[in-house]
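Residue-level structural notes
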Amino acid sequence: MPLLSDLPIQSLKGVGTQRTRLFEKIGAPSVGALLRLYPRDYQDWSQPLPIAQAPLDTVCVVRATVARKPSQVRIPGGRLMCRCTVTDGESDLHLTFFNNKYIPSLLEEGRTYLFRGKISARGGRAMISPEFSGEEKASAIVPVYPATQGLTSRMISHAVGNALSLLPDPLDDPLPLPLRECYSLCHLGYALENIHFPRSMEDLEIARRRLIFEEFLVLQLGLMQIKDGRQEPNLHPIPNRYPEDFAALLPFRLTGAQQRAIAQGVADMAGKSPMNRLIQGDVGSGKTAVAAALCWPVIQSGCQAALMAPTEILAAQHYQSLSALLEPAGVRCALFTGSIPAAERRKQAEALARGETGLAIGTHALIGEKIAFHNLGLVITDEQHRFGVNQRVALAQKGASPHLLVMSATPIPRTLALMAYGDLDVSVLDELPPGRRQVETYLIGPDKRERAFRYVQKYLDEGRQGYLICPLVEEGETGGVMDVETYATLVRKAFPGTVVDVLHGKMKPAQKERVMENFAEGRTQLLVATTVVEVGVDVPNAAIMLIENAERYGLSQLHQLRGRIGRGAWQSTGILVAGSDSPGSLERLRLFKSTNDGFAIADADLKLRGPGDFFGQRQHGLPQLKLAGSAMNLDLLQEAQKCARRLIRAGELEKEEYRLLREEIRLLFSRTGSDRVAL
Ligand code: ADP
Ligand code: MG
């Protein structure tokens, strides 16, 4: 029997060429992958309520009988409206449907159905366009899949049903029995059946627990293996001496926190095995200077250093500031990005291969095939959370066990940092350079936007610059969210005579760079942007930021955005425009407004939303987990971590019964898309 992950999706009944493409699009090119494509939600039809007891304005299911044949009329504007009254014997419910001519034939007088929707209290209890189903659904919890145009959740669910029937019996479980017993986890087969078609909410929980545990375990084991793989001898030792001569080049005095981080890094690189360090420092804490200070002794000792940044903008900015600092001191720097002309890049690559270049700065272009180093001694990744673990490893492979330094501005709660960066030692920059003023943050509703715009204008009048952040919307998405261009038009009208420019991810790199350069040099006053500016951009004169639909961002992301301002000598202001007034999102935004401390924000976010938010947002640079993104349970995470440690220490993982689990680890860390699974 072939592995289900090798069984193409078209081997399922009803999946032809066209559907195959759609299944591939949603990440399920094989039967095995489909089984690991978990529902994103469930509709619980299993507990219908009496009409009178159903809560208002929340989705619920009621059981009721059609009292009278539905009546249909055409309303002004040409829409078809159908009304129908249903009853559960005690109370009536008025249903209204629009533009569905089949309703009268689907809802039979005298028959009983389940109706699912929100009940409102307008003129008696009413539901607009509820979903409905025959009574037989009464016990069902219906999975909701991430559908796509042409492939509905129902079609996916049907295919999953077929796929489940192909599971071999008995099915090998990557978690062997003794381990499952030890952590009270169900068998994989049971978990797969119940994650897709749970018999009850309890069964769903049992399935989820098992699958999330497995994801965390695989992640932890992978990270621990990476760390173990680097317990090699230090091939690039440097003298354990604080780089005073470098500090003397800087136009400012390093903060205590920066000095400590530099000393720790130097000590690492002078030690027995290569450095493996994470510098965690809030935005603006001066990580770049620490990185440069650690490059210095490496380059002085005759090795090369590489600094990789996630965007061209950031790479160019690093190149500008670091080459200005280091070139006069005799260190040759070079920039490697996708938009540098091929001939120029080739020339730079040659100088790099000959060892003439001391510091190579670039985007992931640095891990390109044509780039070779002469003697790479130190690899630095900036804004680490934007890179995958495998990219970090790929750059390191350009040298013989170089030292590794990763920098991240995403403040992560300590409990999670240990797990996410379990393979790294950590230095925290918990001190901002002197003279920084705290950003003042306000939270407003969209009705106050005009007033907020006038406030922005005041900053512009004083010669400052500003950011207006607009969420990146998916094509065809609505719900009160504007796309960048529409928003920019509105902004241009609202700020006549102001130089407004637009920056978003879909622009060509060279274009983006031009926009950023104009802004950095003060030619542009207002920058309308998506979260492209989130990462690392440094324009001290920009002192005001307005963030539209602030509720759409994770708190860490908001914190990163806000970190773009408050970088100069001026009082800076952040204005959050809340596009939703749901209590949950307002609570989060209020909390965010109340503090500038990134770690406090991260801790609070962890308490409010659980670790799922962290693992779900791809803010960590770890391989993507499928279910753990919704995990609220920190205990489970910690249990999985303990389990991983035990398996590694006892050498268990090498045994035959862990073959499938080893395969899962390999796949998680080698994955480019989410298309392979071990099944
Ligand atoms: P981040 O940690 O967000 O990457 P940067 O390295 O971009 O921060 O530094 C932010 C700004 O602070 C830069 O303009 C940098 O020159 C400046 N800076 C860094 N360290 C100090 C310091 N010790 N004193 C004054 N300014 C500093
Ligand atoms: Mg930075």
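Please refer to the structure higher up on the page.
Residues numbered from 1 in each chain as written. Chains lettered and ligands numbered in written order. Predicted model: local features only at pLDDT ≥ 70, side-chain atom pairs only at ≥ 80, totals over all residues. Heavy atoms only, no water.

Structural notes on the pairing of strand β13 (residues 359–362)
Here β13 shows two buried faces, one formed by Leu359 and Ile361 and the other by Ala360 and Gly362. As paired strands, strand β12 (residues 333–336) and β13 are joined by 4 bridges and run parallel to one another. The residue bridging phenylalanine 336 from the neighbouring strand is glycine 362, located in β13. Traced from β12 through helix α12 (residues 342–353) to β13, the parallel crossover comes out right-handed. (Buried < 20%, exposed > 50% of the residue type's maximum accessible area, 1.4 Å probe, protein only. Helix = DSSP H or I, 4+ residues; strand = E, 2+ residues; numbered from the N terminus. Pairing = 2+ DSSP bridges. Right-handed = clockwise from strand over helix to strand, strands pointing away.)

Some words on the sheet that holds β12
Here we have 7 strands laid out as an open sheet, ordered β12-β13-β11-β14-β15-β10-β16, and parallel in their pairing. Two strands bound the open sheet, and with one partner strand each, they are β12 and β16 (425–429). Sheet twist, expressed as the mean angle between neighbouring strand axes with direction ignored, is 20°. The sheet contact formed by strand β11 (residues 304–308) and β13 spans 4 bridges and is parallel. The residue bridging alanine 306 from the neighbouring strand is alanine 360, located in β13. Together, β10 (276–281), β11, β13, β14 (376–381), β15 (403–408) and β16 form the strand contacts of helix α10 (residues 287–300), whose direction differs from that of β14 by roughly 175°. Sheet strands touched by helix α11 (residues 312–326): β11, β12 and β13. Its angle to β12, the strand with the most contacts, is close to 170°. (Axes fitted to C-alpha atoms, helices over the stretch in contact; angles between N-to-C directions. Contact = heavy atoms within 4.5 Å.)

Quick notes on the pattern of salt bridges
Under the criterion given, the structure shown has 20 salt bridges. The shortest N-O distance in the salt bridge between arginine 210 and aspartate 173 comes to 2.7 Å. Within this pair, whereas arginine 210 is found in helix α7 (residues 201–229), its partner aspartate 173 is found in the loop between α4 (153–165) and α5 (177–182), the two being separated by 37 residues in sequence. Judged by relative accessible area, arginine 210 falls into the buried class, the value being 0%. (Salt bridge = Lys/Arg side-chain N within 4 Å of Asp/Glu carboxyl O.)

Brief notes about the site of ligand 1
Contacts to ligand 1 come from 16 residues, most closely from Arg253, Gly284, Lys287, Thr288 and Arg436. Glycine 286 is positioned such that a nitrogen or oxygen atom in its backbone is 3.0 Å from an oxygen atom of ligand 1. Between ligand 1 and the protein, one listed contact pairs an oxygen atom with a side-chain N or O atom of lysine 287 at 2.8 Å. Bound to the protein, ligand 1 loses 80% of the 570 Å² it would expose on its own. Taken atom by atom, the bulk of ligand 1 overlaps the largest pocket. Classifying every residue of the shell around ligand 1 gives 4 nonpolar, 6 polar and 6 charged. (Near = heavy atom within 4 Å. Polar contact = N/O pair within 3.5 Å; in protein donor to acceptor, adjacent residues only side chain to side chain. Areas by Shrake-Rupley, 256 points an atom, 1.4 Å probe, with all protein chains shown as cover. 1 Å grid on protein atoms, 1.4 Å probe; cavity = no way out; pocket = protein on both sides within 12 Å on 5 of 7 lines; lining within 4 Å. Sits in = over half its atoms within 2 Å of the grid points. Nonpolar A, V, L, I, M, F, W, Y, C, P; charged D, E, K, R; others polar.)

A word on α4
Helix length check: α4, at 13 residues, gives a terminal C-alpha distance of 19 Å against a target of 18 Å (1.5 Å per residue), a fit within 8%. By the burial criterion, the buried members of α4 are Ser153, Ile156, Ser157, Ala159, Val160, Asn162, Ala163 and Leu164. At its buried positions, α4 is contacted by α1 (17–25), α2 (31–35), β9 (141–144) and α6 (188–196). (Expected span 1.5 Å × (residues − 1).)

Description of the environment of cysteine 643
Within the secondary structure, cysteine 643 is located in helix α22 (residues 634–649). Each C-alpha atom, one on cysteine 643 and one on glutamine 220, is 9.1 Å from the other, the two residues being 423 residues apart in sequence. Apart from residues lying up to four places away in sequence, cysteine 643 is in contact with Leu179, Tyr183, Phe213 and Leu217.

What about the layout of surface pockets?
Of the pockets and cavities examined, the largest pocket occupies roughly 1100 Å³. Taken together, 41 residues form the lining of the largest pocket, with Thr288, Gln317, Ser321, Asp538 and Arg567 sitting closest to its centre. Contributions of two or more residues to the lining of the largest pocket are made by α10, α11 and α17 (509–520). No other element matches α11, which puts 10 residues into the lining of the largest pocket. Residues belonging to the lining of the largest pocket are distributed by class as follows: 19 nonpolar, 11 polar and 11 charged. Residue-level mapping places the lining of the largest pocket at the junction of two domains, with at least three residues from each of domain 3 (244–429) and domain 4 (440–595). (Points joined across faces, edges and corners; volume = space filled by probe spheres on them. Domains from an automatic or database assignment.)

What about the state of the cysteines?
Across all of its chains, the model carries 0 disulfides by this definition. Looking at the unpaired cysteine 295, the closest cysteine sulfur is the one in cysteine 333, lying at 8.7 Å. (Disulfide = S-S within 2.5 Å.)

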